[in-house]
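Understanding the architecture of this molecule
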Amino acid sequence: MGDLIQLKDEGNKHFQAGEIDQAIECYTSAIKLCKDKKVLAVIHRNRAACYLKKENYASAAADASKAIDVDAADIKALYRRCQALEKLGKLDMAFKDVQRCATIEPKNKTFLETLRRLGAEIQAKLKTTFSTDSRVQNMFDILMDDEVEKDKREKAANNLIVLAREDAGAERIFQNNGVPFLMNMMETGKPEMILAGVRTLSGMCTGHKARAMAIIHTVCIDKMCSIMAVDNEEIALATCNLFQCINDSLTGSDKRIYGKEEALILDTSKDLKAILLSLLEMVSSKKVSGHGRDQALNLLTKNVPRKDKKEQDHTKTLFTVDHGLRKILKVCGQVPDLPDQLPMTDNTQLIASVLLSKLYDDFKCDPERDNFRDICDEYIKSKFDPKDMDKNIHAINTISGLLQGPFEVGNAMVGRQGVMEMMVALCGSEREVDQLVAVEALIHAASKMSRASFIITNGVSLLKEMYKKTKNEKIKIRSLVGLCKLGSAGGDDYSMRQFAEGSTEKLAKQCRKWLCNPQIDTRTRKWAIEGLAYLTNDADVKDDFVEDEPAMKAMFELAKSQDKTILYAVACTLVNCTNSYDKKDIIPELVQLAKFSKQHVPEPHPKDKKDFIDKRVKRMLKAGITSALTVMVKADNSILTDQTKEMLARVFLALSLDAKDRGIIVAQGGGKALIPLALEGTKDGKVKACHALAKIASISNPEIAFPGERVYEVVRPLVTLLNTERDGMENFEALKGLTNLAGFSDKLRIKIVKEKALPEIENYMFEQHDQIRQAATECMCNLVTCKEVQERYMQDGNDKLKLLVLLCGEEDDTLQIAAAGALAMLTAAQKTLCTKMTLVSTQWLEILQRLCLHDNPNIQHRGLVIVYNMLDSDDSELAKKLIECEMLEILTVIGKAEDNPKRQQVIDVARTCLIKAMDLGLIKRFSTES
């Protein structure tokens, strides 16, 4: 029993100290030990108060209910449950609880006020509900009346979509027989009606498991698939979003709580399995449009592989491989130039390759990978047929798809007997389509040095021959890209060039020429960028390309086109031109040792020095690189792979290194574009994007750089850079960015606090590095107006206030301004800190006097404000102590000074301090007898 009471008392102490998590731990431990019902009720009631503070309203209501079960008149538990239920939107239940409280204590003003307020809210809600009913019916009538003007029907459709995004509106539509009505709308076949219907259904499914289930069974999965299959990109995208909303609701990915209907849903696995099978069926169906196929593949990519490898369940991946791998391979093998192929967009095959890669990465063991390879091997073997060339090129194209996806599997397929020979034989075929497929496969197969060496030996002469003889521009460009890829096998190592001096520049010049030719189709021109992606490893090529503004602009325009398969090549080219790839540090001693032992030493190109890189960056900014990057970031998520995102983040960081260039990046929307890159992608990519964001946030007006609600999304990426794993420059620039944001608005300061940045910022105030310590102190100076920050300084048992006082005594002016500014604001907001300040350090008076005598007016002004706050602190002993020391003389000298515009602020504060001292009766006004 002793342990139980001790845990309960400790919980109470933690709660009073604001240490809510520790209080919850103590109460939870006490609940496990407690056998007495009455004591248990009190502990549950106390824990309910903790959960209210943590905004965990469901748990607060549950705990309060347990206390009420023991004592129905427990007024504290009743009111706490009322507060929790109100926050959960259950106003009628909350009203009943506070009504019981008011019956027990009829004179309690808090209960009466809550009763009045909840009554008014319930009335307003009822009024809204009835008006919503009539609005829904009115919109239905307008939409189904063909005689109503088109503009009015479109407006009604949009209103219905907006209404469905709110839970009350979605429920009214559902209750008013809305789903059958929406189905009738979609049956009209009019694109605008289909879109409105699908988008309204999406709103109704979002975060609501019961409605999502009902809509699946009313509309039917097959019907939704047939809508997504139509040849209309907008409708396909909208239906894809509907499927995603349904998936998130049924799997619980959407965490919102919408009442008791959660308990009614027992098993969603059958519906999820049915959706998965239907999507796999769509992948290889000839009845599905290219846009529909893209969205089916996108949904599989997003929802089948595990998002977090810590999750154990990967059965969806294994199920997809067993039931759909051959269908996905069929998509990879399609050759658009042949008859009787599946309808596809420019992006379909790449999306399929990305899906294959994600599935392969999701496997846990070698037998699963072996099974994947065996299915691929069997599928490709089944397509090889000496008598049917179309089947052969389908097999080779499938290998190309694997090489762009799970390269390890594609590489294994290339190594199978006869495959490479088949590629070489197809290059010599008379049919141009055979040559196209073979050359593309050779290019993809040469991505590894081991394969490149084979092709250099066997295929370079063949590629050169095709390049010289063919009159088909498509084959010519692809042959050239093959040569480009082989020519760049040494990377940026100047001493490892594969071809003769000047050859790569000639190849690049030809690529630029094709790139700038608008008469060549986009699909073919993109291969010119592929060539440049390889050739720009050479600094001479980089420099020539960046000097060629029309070529750069042509590449940027292609990056904005509908064909998104180009993004990876553009990103590679930009990374090369900005030198933003990872570079190994060259240690001179090791270089000398390597030369002595006659080992190969990589040599950087003379044009890869900083001044050349800076010039290239300036030219690219002038040509409009930022607007191209912002469009690329908005690309479909499956095509914009994590590797591509990382490259785009690297380019952004390289562009933002010079503070003078950041204005251009902001003006062209670069600030907004960086936010998604900072939140999703590879670990390195997210860090680079966060760093670029920090650079922009540190000197830009947040309202312009990140308009609207976007500015609040910037805080978390910056806070992640405060991690001690990050380097000093990243820490410093994150602190500068947060300082700028914290000085902008109170809402941003609260957001920074909520993201748990305070402990990290406080740690950096202890940092030995002068600039980091200064940046952290400046950030804290902008945050101290927050109530929560002030409370941290008021807590006992820490050195936070002591550190601030000691920082005021440092020699660095900027650091002193920040520390003294923070101290001035804290002592003004919380009078108890004036007294506490004198207890944390014996040097406080000496430091304060030095501030007041400082020759920098900004520092002096802050020191004098602190003195005034101490005189105004209601601590008469402290005020007396200040006036009895040299401080009175300091104030008198400053106060008696003649008015001076440059120091007037300082003089005025000193005079205000003297007047305050007189008001307190500590000094008397000096007067002379006449």
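Residues numbered from 1 in each chain as written. Predicted model: local features only at pLDDT ≥ 70, side-chain atom pairs only at ≥ 80, totals over all residues. Heavy atoms only, no water.

Some details on the overall build of the protein
Looking only at helices and strands, the protein has 54 helices and 0 strands in total. Each of the three principal axes of the protein carries a C-alpha extent, and together these read 120 × 75 × 65 Å. For the protein, the computed accessible surface area is about 44800 Å², with 51% contributed by carbon and sulfur atoms. The positive charge centre, built from 134 side chains, and the negative charge centre, built from 134, are 1 Å apart in the protein. (Helix = DSSP H or I, 4+ residues; strand = E, 2+ residues; numbered from the N terminus. Areas by Shrake-Rupley, 256 points an atom, 1.4 Å probe, with all protein chains shown as cover. Lys, Arg positive; Asp, Glu negative; His and termini not counted. Charge placed at Lys NZ, Arg CZ, Asp CG, Glu CD.)

Some details on the pattern of salt bridges
Evaluated as defined, the whole model comprises 51 salt bridges. As a salt-bridge pair, E755 and K751 come within 3.0 Å of each other at their nearest N and O atoms. The network of salt bridges with shared partners includes E86, R117 and E121. (Salt bridge = Lys/Arg side-chain N within 4 Å of Asp/Glu carboxyl O.)

Observations regarding the environment of E646
In this fold, E646 is placed in helix α35 (residues 642–655). The class of E646 is buried, set by a relative accessible area of 17%. Residues E646 and Q771, 125 residues apart in the sequence, show an inter-C-alpha distance of 29 Å. The residues touching E646, leaving out its near neighbours within four places in the chain, are T682, D684 and G685. (Buried < 20%, exposed > 50% of the residue type's maximum accessible area, 1.4 Å probe, protein only. Contact = heavy atoms within 4.5 Å.)

Thoughts on empty space enclosed by the protein
Applying the stated criterion across every chain yields a total of 2 cavities of 30 Å³ or more. Space inside the second largest cavity adds up to approximately 30 Å³. Looking at the second largest cavity, the residues that line it are V805, C808, L823, M837, W844, I847, L848, L851 and I866. In terms of residue count, the dominant contributor to the lining of the second largest cavity is helix α50 (residues 844–852) (4 residues). (1 Å grid on protein atoms, 1.4 Å probe; cavity = no way out; pocket = protein on both sides within 12 Å on 5 of 7 lines; lining within 4 Å. Points joined across faces, edges and corners; volume = space filled by probe spheres on them.)

Focus: the state of the cysteines
The full count for this structure, using the stated rule, is 0 disulfides. You can see C101 has no disulfide; the closest cysteine sulfur is in C82, sitting 6.7 Å from it. Residue classification places C101 among the buried residues on the basis of a relative accessible area of 0%. Free of any disulfide, C690 has its nearest neighbouring cysteine sulfur in C779, separated by 16 Å. When its relative accessible area of 3% is taken as the criterion, C690 is described as buried. (Disulfide = S-S within 2.5 Å.)

Overview of the environment of Q860
Tracing the chain through its elements places Q860 in helix α51 (residues 857–871). A relative accessible area of 5% means that Q860 is categorised as buried. Taking the C-alpha atoms as reference points, Q860 and A910, 50 residues apart in sequence, are found 10.0 Å from one another. Sequence-distant contacts of Q860, that is, excluding residues within four places in its chain, are made with L851, C852, L853, H854, I894, R903 and V906.

Side note on helix α13 (residues 221–228)
Every buried residue of α13 is accounted for by I221, M224, C225, I227 and M228. Buried residues in α13, looked at end-on, bunch into an arc of 160 degrees, giving them a common side. (Arc of directions from axis to C-beta.)

A look at the layout of surface pockets
One number sums up the size of the second largest pocket: a volume of about 1300 Å³. G18, I20, K54, V753 and E788 are the residues nearest the centre of the second largest pocket, which is lined by 26 residues in total. Only α1 (2–16), α2 (20–33), α43 (746–754), α44 (758–764) and α46 (787–794) provide two or more residues apiece to the lining of the second largest pocket. Tallied by class, the residues present in the lining of the second largest pocket amount to 8 nonpolar, 5 polar and 13 charged. (Nonpolar A, V, L, I, M, F, W, Y, C, P; charged D, E, K, R; others polar.)

As for the nonpolar core
Core analysis: the biggest nonpolar cluster contains 261 residues, and L515 and Y793 have the highest contact counts within it. Every residue in contact with Y793, bar those within four places of it in the chain, is listed here: M765, M780, V784, K800, L801, L804, L826, L833 and K836. With 36 residues, the next largest nonpolar core counts Y27, I68, A77 and A84 among its residues. (Core = buried A, V, L, I, M, F, W, Y, C linked by side-chain atoms within 4.5 Å.)

Some words on the confidence of the model for the protein
Averaged over every residue, the pLDDT of the protein is 86; the share at 70 or more is 91%. The element-level mean pLDDT for the protein is lowest in helix α24 (residues 449–458), coming to 53, with helix α17 (residues 315–332) highest at 95. Within the model, the stretch residues 490–498 combines pLDDT values under 50 with 25 contacts to residues more than four positions away or in other chains. (pLDDT = per-residue confidence, 0-100.)

Digging into the packing of helix α14 (residues 233–251) against helix α15 (residues 269–283)
The N-to-C vectors of α14 and α15 enclose an angle of 150 degrees; their axes lie 10 Å apart at closest approach. Here α15 runs roughly antiparallel to α14, going by the angle between their axes. Along this stretch, α14 crosses α15, giving a crossing that reads as left-handed. Facing α14, whose interface residues are F243, I246, N247, L250 and T251, α15 presents D271, L272 and I275. The residue makeup of the contact of α14 with α15, split by class, is 5 nonpolar, 2 polar and 1 charged. (Axes fitted to C-alpha atoms, helices over the stretch in contact; angles between N-to-C directions. Parallel < 35°, antiparallel > 145°, perpendicular 65-115°, else oblique. Left-handed = near helix turned anticlockwise from the far one by under 90°.)

Considering α2
Here α2 contains 14 residues, and its C-alpha end-to-end distance of 20 Å stays within 8% of the 20 Å for a straight helix at 1.5 Å per residue. All of the buried residues along α2 are I20, A23, I24, C26, Y27, A30 and I31. Along the axis of α2, the buried positions cluster into a sector of 165 degrees, meaning they face one direction only. Away from its buried face, by an angle of more than 90 degrees, α2 presents the exposed residues E25 and K32. (Expected span 1.5 Å × (residues − 1).)

Observations regarding the side chain of D543
Relative to the elements of secondary structure, D543 occurs in helix α29 (residues 539–547). Judged by its relative accessible area of 13%, D543 is buried. Among the polar contacts listed, one links the side chain of D543 to the side chain of R616, at a separation of 3.0 Å. Dropping the residues within four chain positions of it, D543 is found in contact with K607, F612 and R616. (Polar contact = N/O pair within 3.5 Å; in protein donor to acceptor, adjacent residues only side chain to side chain.)

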